[in-house]
Amino acid sequence: MRDTGAVADRPILLLLSGPNLNLLGTREPSVYGTATLEDHVSTARTAAAAHGLNLEHFQSNTEGALVEAVQAARGRCAAIVVNAGALTHYSWALHDALAAFEGVKVELHLSNTQAREPWRHQSVIAPVVHGSVQGFGGHGYVLAVEGAAHALAARQ
Ligand code: DQA
């Protein structure tokens, strides 16, 4: 089994990655950079550990699988950081699943979606998250984890 650096009994931060993010590294590098998803997960895991959180990651190209991952996080995970890819812009099913998750939720994008095509300007998940991080490339994974940790601390 891969060593994830997880420490027993720490709160879990679930990092969710949506469609096509498995292609990072080779997918439109001028927009998304050359780091792979694995690189970003490693960055997020280090940031989570620094805040006393264990990180779990799940990537899927399928809407239903992501909805099920959010449902399975209920009562088990303290926070979700989600880069939903294109589902961000139209998945009301993901909106509803996130609305039903009681923990902290942070929306994340590598690119600045507001500076891109008009259809990317709407996020249907934005109304049900605590906050959003976008436009900072891979550093956004650090910022999103920090935002989630900050919101969790504010709840205690
Ligand atoms: C993205 C932005 C989305 O519009 C796009 O569909 C993606 C990636 C980002 O990280 O910048 O797949 O979520």
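Please refer to the structure placed before this passage.
Residues numbered from 1 in each chain as written. Predicted model: local features only at pLDDT ≥ 70, side-chain atom pairs only at ≥ 80, totals over all residues. Heavy atoms only, no water.

Enquirer: Help me out: how do you make sense of the overall build of the chain in this one?
Expert: Across its full length, the chain carries five helices and five strands. Along its sequence from the N terminus, the chain presents helices and strands in the succession β-α-α-β-α-β-α-β-β-α. Radius of gyration (C-alpha) of the chain: 14 Å, near the 15 Å computed for a compact globule of 156 residues. For the chain, the spread of C-alpha atoms along the three principal axes comes to 40 × 30 × 30 Å. Each of the 156 residues in the chain was classed as buried or not, and the buried ones make up 47%. Within the chain, contacts between residues at least 6 apart in sequence are counted, and of these 77% link residues at least 24 apart. If you sum the accessible surface of the chain, you get close to 7600 Å²; carbon and sulfur atoms cover 53% of it. When the 10 positive and 13 negative side-chain charges of the chain are each reduced to one mean point, those points stand 2 Å apart. (Helix = DSSP H or I, 4+ residues; strand = E, 2+ residues; numbered from the N terminus. Rg over C-alpha atoms; globule rule 2.2 N^0.38 Å. Buried < 20%, exposed > 50% of the residue type's maximum accessible area, 1.4 Å probe, protein only. Contact = heavy atoms within 4.5 Å. Areas by Shrake-Rupley, 256 points an atom, 1.4 Å probe, with all protein chains shown as cover. Lys, Arg positive; Asp, Glu negative; His and termini not counted. Charge placed at Lys NZ, Arg CZ, Asp CG, Glu CD.)

Enquirer: Explain unusual backbone geometry to me, please; I cannot follow it from the model alone.
Expert: For residues that are not glycine, phi is negative in most cases, and the peptide bond is trans in most cases. The phi torsion at Asn20 lies on the positive side, around 75 degrees, for a residue other than glycine. With a phi angle near 35 degrees, Glu28 is a residue other than glycine that sits in the positive phi range. Locating Glu28 in the fold gives a position in the loop between β1 (12-17) and α1 (29-32). Its relative accessible area of 43% is what places Glu28 among the partly exposed residues.

Enquirer: Honestly, the packing of helix α2 (residues 37-50) against helix α5 (residues 139-155) in this entry has me stumped. Any pointers?
Expert: Angle between the axes and distance between the axes are the two parameters that describe a pair of packed helices. Interaxial distance between α2 and α5 falls to 9 Å at its minimum, and their mutual angle equals 35 degrees. In this structure, α2 meets α5 at a crossing whose hand is right-handed. Between α2 and α5, the residues in contact are Leu37, His40, Thr43, Ala44, Ala47 and Ala48 and Tyr141, Val142 and Val145, respectively. Looking at the contact of α2 with α5 residue by residue, the class counts come to seven nonpolar, two polar and no charged. (Axes fitted to C-alpha atoms, helices over the stretch in contact; angles between N-to-C directions. Left-handed = near helix turned anticlockwise from the far one by under 90°. Nonpolar A, V, L, I, M, F, W, Y, C, P; charged D, E, K, R; others polar.)

Enquirer: What is the right way to read the pattern of salt bridges from this model?
Expert: Opposite charge on two side chains permits them to pair, given that their charged atoms come into close proximity. Within the structure shown, the criterion is met by three salt bridges. When the shortest N-O distance is used, the salt bridge between Arg116 and Glu117 registers 3.8 Å. Judged by its relative accessible area of 32%, Glu117 is partly exposed. A salt bridge links Glu117 to Arg120, with the shortest nitrogen-to-oxygen separation between them at 2.8 Å. If you follow the salt bridges from partner to partner, you end up with Arg116, Glu117 and Arg120 in one network. (Salt bridge = Lys/Arg side-chain N within 4 Å of Asp/Glu carboxyl O.)

Enquirer: In this structure, what is going on with the environment of Leu14? I would like to understand it.
Expert: Assignment of secondary structure puts Leu14 in strand β1. For Leu14, a relative accessible area of 4% corresponds to the buried category. Separated by 56 residues in the primary sequence, Leu14 and Val70 place their C-alpha atoms 8.8 Å from one another. Not counting the four nearest positions on each side in its chain, Leu14 is found in contact with Glu56, Ala69, Ala73, Cys77, Ala79, Ile80 and Val81.

Enquirer: Looking at this structure, how should I read the site of the ligand?
Expert: Near the ligand you find Arg27, Tyr32, Asn83, Gly85, Ala86, His89, His109, Leu110, Ser111, Thr113 and Arg120, and these make up its full shell. A distance of 2.8 Å separates an oxygen atom of the ligand from a polar atom in the side chain of Asn83. Its free accessible area being 320 Å², the ligand has 99% of it covered by the protein chains. Looking at the shell around the ligand, its residues break down into three nonpolar, six polar and two charged. (Near = heavy atom within 4 Å. Polar contact = N/O pair within 3.5 Å; in protein donor to acceptor, adjacent residues only side chain to side chain.)

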